[in-house]
Protein chains: 2
Amino acid sequence: MNAADLIRRKRDGAALDADAIDWLVRAYTDGDVPDYQMAAFLMAVVWRGMDSAETVALTLAMLRSGAELRVRDRVSPVADKHSTGGVGDKVTLAVAPLVVACGLPVAKMTGRGLGHTGGTVDKLESIAGLRMELAPGEFLRLLERHGLALSAQSRDLAPADGKMYALRDVTATIDSIPLIAASIMSKKLAVGPSHLLLDVKVGSGAFMKTAADAHRLAATMARIGADAGVHTVAALSAMDQPLGRAIGNALEVAEAVDILHGRGPADVTALCLHETAMLLHMAGIVATEQDGHARAKQAIQDGSGLAKLAEVVAAQGGDARQIEDTSRLPHAPHREVITAPQSGYIARMDAERIGMASVRLGAGRLKQGNPIDHAVGLMLLAKMGDRLDAGAPLIEVHARDAAQVASIHDDLLDAYTWSDAPPAPLPLLLGSVSGGG
Amino acid sequence: MNAADLIRRKRDGAALDADAIDWLVRAYTDGDVPDYQMAAFLMAVVWRGMDSAETVALTLAMLRSGAELRVRDRVSPVADKHSTGGVGDKVTLAVAPLVVACGLPVAKMTGRGLGHTGGTVDKLESIAGLRMELAPGEFLRLLERHGLALSAQSRDLAPADGKMYALRDVTATIDSIPLIAASIMSKKLAVGPSHLLLDVKVGSGAFMKTAADAHRLAATMARIGADAGVHTVAALSAMDQPLGRAIGNALEVAEAVDILHGRGPADVTALCLHETAMLLHMAGIVATEQDGHARAKQAIQDGSGLAKLAEVVAAQGGDARQIEDTSRLPHAPHREVITAPQSGYIARMDAERIGMASVRLGAGRLKQGNPIDHAVGLMLLAKMGDRLDAGAPLIEVHARDAAQVASIHDDLLDAYTWSDAPPAPLPLLLGSVSGGG
């Protein structure tokens, strides 16, 4: 095998066979193929794409680059749930404990935030003492004992993905559906659940801006999962505006606790119930999704979902009192309300822009490894379709100081489009794609 | 400026402004932009192309990465002549001394062979003692004294091209018309002639396989030259079969001497006369191209072209007796004739395949820096349109031993297509594109 020849074939639009892809990923991981050849190859993939067989082969090559946890050999059934990332997406924080409270274990390894979207690890690390960097042995012990383990992605799993992602990040080769699908799925398959629910976000705050792209990504990932024998469903959901009201780490933990109390915002609560119901139904815990919905609501009403979250936070060294009383979470010293600049309906919100404003407060990072500020963020006091009078409260900014608020004020307001008539309501749930297994 | 952002913009099909291109080339040459980012950028250029302004900007950025010789400030007019490379292309060896003998100085820096095409430096180094690595000062002194200097490309000129070419070679990013044009033209402009004739090869033995691509490359280079104030003409010529009969370094020097004696093969002699006439006409040495033809023929008949070659060879330390008597050039110990496997007309020849067979004898190199064997090569005893009986002499192989001949025998014969009827004759000269200046 010869890297330049494989690059040339991909550049010319050929499909590579599994042996070639496997060789390339292995040689790159071992350092025998240099970054510059992989960078050229990745750009050729952005250009030419990969067919289904190539994408599966890439995923499996990345999977085989490291250890496999195979959680389903220890606990079965066992679920995993992944979101492609959006603004204000704290769904995992509520769905994971709800699903476990309903009798389905969840083994969740998750990422840190990058760019305009937050990461579940960063959000959970708002909780004092909570250890998110779990060794595989501890991850498995927690899963067996509590039915739930929450960890940062282990570097031992799919290390090729870590190396390739870092390269893609600096070579403008992130935006490729087969590369995104292989990156996500290699990490999910390395954990090895029996059931996998993928939440593919689509809209202004998502990486997939169009329904067509989101559907392609969903179908690609569902097929990879099915191929690997994992019962996989990829559900599309809207990210046209931030999810819920809270954006920022501690603020989103508090909102997740609100959801588990049954007092969360309507949109994000609906999505949490829907995903919980889907997972319970997929794993055969309930007979129908409708039954799953009822079961999820019950786990909210009886407090068992919240109790499960507090139990696991404590088991991972975190201060569970911050879950019981979210006013104990880190809070920003300066709060300031931005008001509506005009009267009217909120017709559109640019979720990516709003997410970036929160990042600039310090809630997220523009580069991997940057520190973040868990306390800062935004509380959206109005959402799409709401009617406000000029001067009415629009956003509460949680910041370090007034200068920070001033620095994002205009950009935040630019993210809103106003109209005189109420906008047509947009659906939150946009269908799903199943892969057998 | 940010390299990832420039890659992204090119990936998305945007045209970059001159400042951005200049920054990228400078930062890459200085080592501030790593190979992997440049590799991704280059693949994005292969994909998206570059418009005229971008290609000019890239050329000038590469030109400014090093010294400029500006030969036209020392001698004026002064011509340069460049071929994009073919099989058996010894035209420069005859045209340069002919043009100088007719009164137009020629400053020629040239490359080594790579892949299936030969390089003028390698061919001239068949001559014992000839120094082709000239320092700029000596190059200029020779030019002033003899009207002709022949040198390997100086590493001080357009060093960005050297670094980028080495990267392109291993990342499958050679095949891009703007990148090829900028690479050639940055080196030509760094020498700085007043008149430049580009011979763009098209056909089975050329890098440009189609007339459309060759025309695009010709037009791109002519425009770059005109933009830089150099009177530039890009002429297209056929490379459907090897040029002349000789392929291989010493064999081609001997054939160039034959041309200067007026006894060279018809096709390559016609091309030499045509290019000499064009250059003399471009520089105003003659009033019409027809006059240029007559002048070139005269320089053959009176021996002044050959005398000029011998003079410059001697001035650069070479053994001029090898020019006067080409039997003194290196010769291979084993000569063997391959015969026609069938009766018929030679309908087609795969020039690239024939060139590669010669490379495998040792006449060329597959990797930069590999040594070459000046003595070996092929003498084509028949060309397209010739009718042969089965068993008639087809190719005389000049090799180290019989095993070498056996190793290329079948592949060589596979390069020939035979027909019962004579093939339609193909034109050698395919028009030209001018850039003012």
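Provided above is the structure to which this section pertains.
Treat the numbers as computed from the prediction; the structure is a model and nothing was measured. (Residues numbered from 1 in each chain as written. Chains lettered and ligands numbered in written order. Predicted model: local features only at pLDDT ≥ 70, side-chain atom pairs only at ≥ 80, totals over all residues. Heavy atoms only, no water.)

### Here we look at the overall build of chain A
- A tally of helices and strands in chain A yields 17 helices and 13 strands.
- A compact globule built from 437 residues should have a C-alpha radius of gyration of about 22 Å, and chain A, at 21 Å, falls within 12% of that.
- Oriented by its inertia axes, the alpha-carbon framework of chain A measures out at about 65 × 45 × 40 Å.
- Long-range pairs, those at least 24 residues apart, make up 78% of the contacts in chain A with a sequence separation of at least 6.
- Here chain A holds 43 positive side-chain charges and 51 negative ones, and the gap between their average locations is 2 Å. (Helix = DSSP H or I, 4+ residues; strand = E, 2+ residues; numbered from the N terminus. Rg over C-alpha atoms; globule rule 2.2 N^0.38 Å. Contact = heavy atoms within 4.5 Å. Lys, Arg positive; Asp, Glu negative; His and termini not counted. Charge placed at Lys NZ, Arg CZ, Asp CG, Glu CD.)

### A short note on unusual backbone geometry
- For the bond running from Ser76(A) to Pro77(A), omega is -5°, close enough to zero to count as cis.
- Despite not being glycine, Arg70(B) has its phi angle at roughly 45°, a positive value.
- Structurally, Arg70(B) can be placed in the loop between α4 (52-63) and β1 (79-83).
- For Arg70(B), a relative accessible area of 34% corresponds to the partly exposed category.
- With a phi angle near 45°, Ala158(B) is a residue other than glycine that sits in the positive phi range.
- As for its position among the elements, Ala158(B) is in the loop between β3 (148-152) and α8 (159-170). (Buried < 20%, exposed > 50% of the residue type's maximum accessible area, 1.4 Å probe, protein only.)

### Thoughts on the packing of helix α5 (residues 91-101) of chain A against helix α12 (residues 266-282) of chain A
Residue and element names in this part refer to chain A.
- In the contact formed by α5 and α12, the axes pass within 9 Å of each other and the chain directions differ by 40°. Overall, the two elements α5 and α12 adopt an arrangement that is oblique. Along this stretch, α5 crosses α12, giving a crossing that reads as right-handed. Within the contact between the two elements, α5 uses Val-91, Ala-94, Val-95, Leu-98 and Val-99 and α12 uses Val-268, Leu-271, Cys-272, Glu-275, Thr-276, Leu-279 and Leu-280.
- Considering only residue class, the contact of α5 with α12 consists of ten nonpolar, one polar and one charged. (Axes fitted to C-alpha atoms, helices over the stretch in contact; angles between N-to-C directions. Parallel < 35°, antiparallel > 145°, perpendicular 65-115°, else oblique. Left-handed = near helix turned anticlockwise from the far one by under 90°. Nonpolar A, V, L, I, M, F, W, Y, C, P; charged D, E, K, R; others polar.)

### Structural notes on the sheet that holds strand β7 (residues 334-339) of chain A
Residues and elements named next belong to chain A.
- Across the sheet, four strands lie side by side as β6-β9-β11-β7; this open sheet has antiparallel pairing. Sheet topology places β6 (246-247) and β7 at the edges, where each strand pairs with a single neighbour.
- Examined bridge by bridge, strand β9 (residues 377-380) and strand β11 (residues 393-399) share four bridges and lie antiparallel to one another. Counterpart to Leu-378 in the pairing with β11 is Val-397.
- Of the strands in this sheet, β6, β9 and β11 are in contact with helix α16 (residues 351-363), which crosses β9 at around 140°.
- Running over the sheet, helix α17 (residues 402-414) touches β7, β9 and β11 and is turned about 25° from β7. (Pairing = 2+ DSSP bridges.)

### Considering helix α1 (residues 3-11) of chain A
Residue and element names in this part refer to chain A.
- Residues of α1 that are buried: Ala-3, Ala-4, Leu-6, Ile-7, Lys-10 and Arg-11. Along the axis of α1, the buried residues cluster in a sector spanning 160°; they form a single face.
- Put simply, Asn-2 is the residue that caps the front of α1, since its side-chain oxygen is 2.9 Å from the backbone nitrogen of Ala-4.
- Taken from the residues just after α1, Gly-13 is the one with a positive phi, measuring 90°. (Arc of directions from axis to C-beta. Polar contact = N/O pair within 3.5 Å; in protein donor to acceptor, adjacent residues only side chain to side chain.)

### A short note on the interface of chain B and chain A
- On the side of chain A, 18 residues touch chain B, which itself brings 18 residues to the contact.
- Around 1,700 Å² of area is buried between chain B and chain A when both sides are counted, 71% of it from carbon and sulfur atoms.
- At the junction of chain B and chain A, the tally comes to two salt bridges.
- As a salt-bridge pair, Arg11(B) and Asp175(A) come within 3.0 Å of each other at their nearest N and O atoms.
- Seen at the junction of chain B and chain A, the total is six residue pairs in polar contact (both at pLDDT 80 or more).
- For the side of chain B that touches chain A, the secondary-structure elements that each account for two or more residues are α1 (3-11), α3 (35-48) and α8 of chain B.
- Sorting elements by how many residues they give to the side of chain B that touches chain A places α3(B) first, with nine residues. (Buried area = accessible area lost by both parts, 1.4 Å probe. Salt bridge = Lys/Arg side-chain N within 4 Å of Asp/Glu carboxyl O.)

### Here's the deal with the packing of aromatic side chains
- The tally for this structure, following the rule as stated, stands at three aromatic pairs over all chains.
- Residues Trp47(A) and Trp47(B) carry aromatic rings whose centres are separated by 5.8 Å and whose planes lie at 0° to one another, so their mutual orientation is stacked. With Trp47(A) in helix α3 (residues 35-48) and Trp47(B) in helix α3, this pair bridges two chains.
- With a centroid separation of 6.2 Å and an interplanar angle of 25°, the aromatic rings of Tyr416(A) and Trp418(A) are classed as stacked. A single burial state applies to Tyr416(A) and to Trp418(A), both of which are buried.
- A cation sits over an aromatic face here: Lys163(A) above Tyr28(A), 4.4 Å from the ring centre. (Phe/Tyr/Trp six-rings, centres within 6.5 Å; stacked < 30°, edge-to-face > 60°. Lys NZ or Arg CZ within 6 Å of the ring centre and 35° of its normal.)

### Some points on the relation of the copies chain B and chain A
- Mapping chain B onto chain A calls for a rotation angle of 179° and an axial translation of 0.1 Å; the resulting RMSD is 0.1 Å. The relationship between the two copies is best expressed as a two-fold rotation axis. Taking C-alpha positions as the reference, the residue of chain B nearest the rotation axis is Tyr36(B), at 1.9 Å. (Least-squares fit on C-alpha atoms with pLDDT ≥ 70 in both.)

### Re the nonpolar core
- Judged by nonpolar contacts, the single largest core of 86 residues is most densely connected at Val397(B) and Tyr416(B).
- When residues of this core are assigned to domains, at least three map to each of domain 2 (71-325) and domain 3 (331-419) of chain B.
- With sequence-adjacent residues up to four places away left out, Tyr416(B) is seen in contact with Ile346(B), Arg348(B), Met349(B), Ile354(B), Leu380(B), Leu394(B) and Ile395(B).
- Judged by nonpolar contacts, the second largest core, of 84 residues, contains Val121(A), Cys272(A), Leu309(A) and Ile338(A). (Core = buried A, V, L, I, M, F, W, Y, C linked by side-chain atoms within 4.5 Å. Domains from an automatic or database assignment.)

### Topic: the pattern of salt bridges
- Across all of its chains, the model carries 68 salt bridges over all chains by this definition.
- Among the ionic pairs, Asp12(A) bridges to Arg11(A), the shortest N-O distance being 2.9 Å.
- The class of Asp12(A) is partly exposed, set by a relative accessible area of 49%.
- The partner of Lys123(B) in a salt bridge is Glu252(B), and the shortest N-O contact between them spans 2.9 Å.

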